[in-house]
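Structural overview for review
Each chain is listed here by its residues.
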Amino acid sequence: VRQRLAGIDALAATDGGEFTAETLKGQPSAVFFGFTHCPDVCPTTLGDIAGWQEELGDAAKDLRVFFVTVDPERDSVETLREYVSWVPGVIGVSGSPEEIAKAVKAFRIYARKSPLAGGGYNMDHSSMLLLFDRNGEYAGLIGYQEEDARALASLRKLLGS
């Protein structure tokens, strides 16, 4: 993934930093693609992450979690900052539609606009949490609404605890 990310200009993160190919190095990370107008998958996944953090206790502080928008037209950094603020340590990531499209491709995520009957749109998107080790190497995934015991086992393995 890092090699595919290398061609992406820095995306803006809600912690004031940037999200680049190098961001995934240094400590274990989880990356989730979603959007703030998401009716179910995204808030559910953020809730799951909050629950896993609570269950992991002190070990959770070593896991960085990135919520990358698939809807940059509506999800500014400010919008994302507010959206993820209720889950400790989750960092929102946005950028231009072109750069987000590159990130979606680099991470091999599915994302597509889905028009709504009364106008407007939703986003169809992949719903898994991608895991990366301290070296920024892909280390597996957690599926949407995966059983807590399996998700926690994956996270504990990733964190080395």
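Here, the structure is the one placed above.
Structural notes, computed from the coordinates. It should be emphasised that the depicted structure is a prediction, and the values quoted were computed from it without experimental measurement.

With that out of the way, let us pick up the overall build of the chain. For the chain, the count of helices and strands is five helices and nine strands. Sequence-ordered secondary structure for the chain, helices as α and strands as β, is α-β-β-β-α-β-α-β-α-β-β-β-β-α. Overall, the C-alpha framework of the chain stretches about 45 × 30 × 25 Å when taken along its three principal axes. Across the 161 residues that make up the chain, the buried fraction comes to 47%. When contacts within the chain are restricted to residue pairs at least 6 apart in sequence, long-range pairs at least 24 apart make up 72% of them. Split by element, the accessible area of the chain, about 7,900 Å² in all, is 49% carbon and sulfur. Computed over 16 positive and 23 negative side-chain charges, the separation of the two mean positions in the chain equals 7 Å.

Turning to the layout of surface pockets, a few remarks are in order. By volume, the largest pocket amounts to about 150 Å³. Lining the largest pocket, in full, are Val 70, Asp 71, Pro 72, Glu 73, Pro 97, Ile 100, Ala 101, Val 104, Ala 111, Lys 113 and Met 123. Looking at the lining of the largest pocket, the elements with two or more residues in it are helix 4 (97–106) and strand 6 (111–115). Broken down by element, the residue count for the lining of the largest pocket peaks at four residues, all from helix 4. Residues that form the lining of the largest pocket fall into these classes: eight nonpolar, no polar and three charged.

A word on the packing of helix 2 (residues 41–56) against helix 5 (residues 148–159). Helix-helix packing: each pair is described by the crossing angle between the helix axes and the interaxial distance. In contact at an axis separation of 11 Å, helix 2 and helix 5 are set at 60 degrees when each is read in the N-to-C sense. If you check the angle between helix 2 and helix 5, you find them oblique. For the element pair helix 2 and helix 5, the recorded crossing hand is right-handed. Within the contact between the two elements, helix 2 uses Trp 52, Glu 55 and Leu 56 and helix 5 uses Asp 148, Ala 151, Leu 152, Leu 155, Arg 156 and Leu 159.

Taking every second residue as pointing to the same face, the buried face of strand 7 (residues 121–125) carries Tyr 121, Met 123 and His 125, while none of Asn 122 and Asp 124 on the other face is buried. For strand 6 and strand 7, the ladder comprises five bridges, and the chain directions are antiparallel. Paired with Ser 114 across the two strands is Asn 122, which belongs to strand 7. Hairpin connection of strand 6 to strand 7: five residues between the antiparallel strands, including Gly 119 at a positive phi of 100 degrees.

About the cut-offs
- Residues numbered from 1 in each chain as written.
- Predicted model: local features only at pLDDT ≥ 70, side-chain atom pairs only at ≥ 80, totals over all residues.
- Heavy atoms only, no water.
- Helix = DSSP H or I, 4+ residues; strand = E, 2+ residues; numbered from the N terminus.
- Buried < 20%, exposed > 50% of the residue type's maximum accessible area, 1.4 Å probe, protein only.
- Contact = heavy atoms within 4.5 Å.
- Areas by Shrake-Rupley, 256 points an atom, 1.4 Å probe, with all protein chains shown as cover.
- Lys, Arg positive; Asp, Glu negative; His and termini not counted.
- Charge placed at Lys NZ, Arg CZ, Asp CG, Glu CD.
- 1 Å grid on protein atoms, 1.4 Å probe; cavity = no way out; pocket = protein on both sides within 12 Å on 5 of 7 lines; lining within 4 Å.
- Points joined across faces, edges and corners; volume = space filled by probe spheres on them.
- Nonpolar A, V, L, I, M, F, W, Y, C, P; charged D, E, K, R; others polar.
- Axes fitted to C-alpha atoms, helices over the stretch in contact; angles between N-to-C directions.
- Parallel < 35°, antiparallel > 145°, perpendicular 65-115°, else oblique.
- Left-handed = near helix turned anticlockwise from the far one by under 90°.
- Pairing = 2+ DSSP bridges.

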